[in-house]
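A look at the structure
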Amino acid sequence: RYLRVAALSIAAYHYILTLPAEWRFYRSQSHICHLSLACILFILIRYISIVVLVISNYGVFSTSFTVESCEHYYLLAPVFKVLQTMVSQVILGVR
């Protein structure tokens, strides 16, 4: 558990550190409705990754799971991890 907390701390620190660059990137777009492919992929990978971190760690640290709630929850993290992997593969393909 300590390793997870350390990893989450590093991820949060990195997210906060890169927020000014993210805002500059958004402002460099011509219009909010005309985002470049790079901007769309950046938004997807950045925020799907945050969702994956939150969902995965909620599953690890939560103590309130019942059998019924676990049956509904256990596929959620892998589905978002697959989406994250798909976006990263698109990024590699575009590059």
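Structure shown above.
Described in the following lines is the structure provided in the data block. These figures come from a predicted structure and were not determined experimentally.

A few words now on the overall build of the protein. Of regular secondary structure, the protein possesses four helices and zero strands. The globule rule puts the C-alpha radius of gyration for 95 residues at 12 Å, and the 16 Å found for the protein is more than 25% above it. Principal-axis analysis of the C-alpha atoms places the extent of the protein at approximately 50 × 25 × 25 Å. Here the protein holds 95 residues, and 17% of them are scored as buried. Counted over contacts in the protein with a minimum sequence separation of 6, partners at least 24 positions apart contribute 62%.

Going through the model one piece at a time under the given rule, you end up with one salt bridge. Between E22 and R46 there is a salt bridge, with its nearest N and O atoms 2.6 Å apart. Placement of the pair is E22 in helix 1 (residues 2-27) and R46 in helix 2 (residues 37-61), with a sequence separation of 24 residues. Here the two residues E22 and R46 agree in accessibility, since each one is buried.

Right, let's talk about the side chain of S56 for a bit. Considering the arrangement of structural elements, one finds S56 in helix 2. If we skip the residues at most four places from it in the chain, S56 touches R4, Y73, A77 and K81.

Conventions we followed
Residues numbered from 1 in each chain as written. Predicted model: local features only at pLDDT ≥ 70, side-chain atom pairs only at ≥ 80, totals over all residues. Heavy atoms only, no water. Helix = DSSP H or I, 4+ residues; strand = E, 2+ residues; numbered from the N terminus. Rg over C-alpha atoms; globule rule 2.2 N^0.38 Å. Buried < 20%, exposed > 50% of the residue type's maximum accessible area, 1.4 Å probe, protein only. Contact = heavy atoms within 4.5 Å. Salt bridge = Lys/Arg side-chain N within 4 Å of Asp/Glu carboxyl O.

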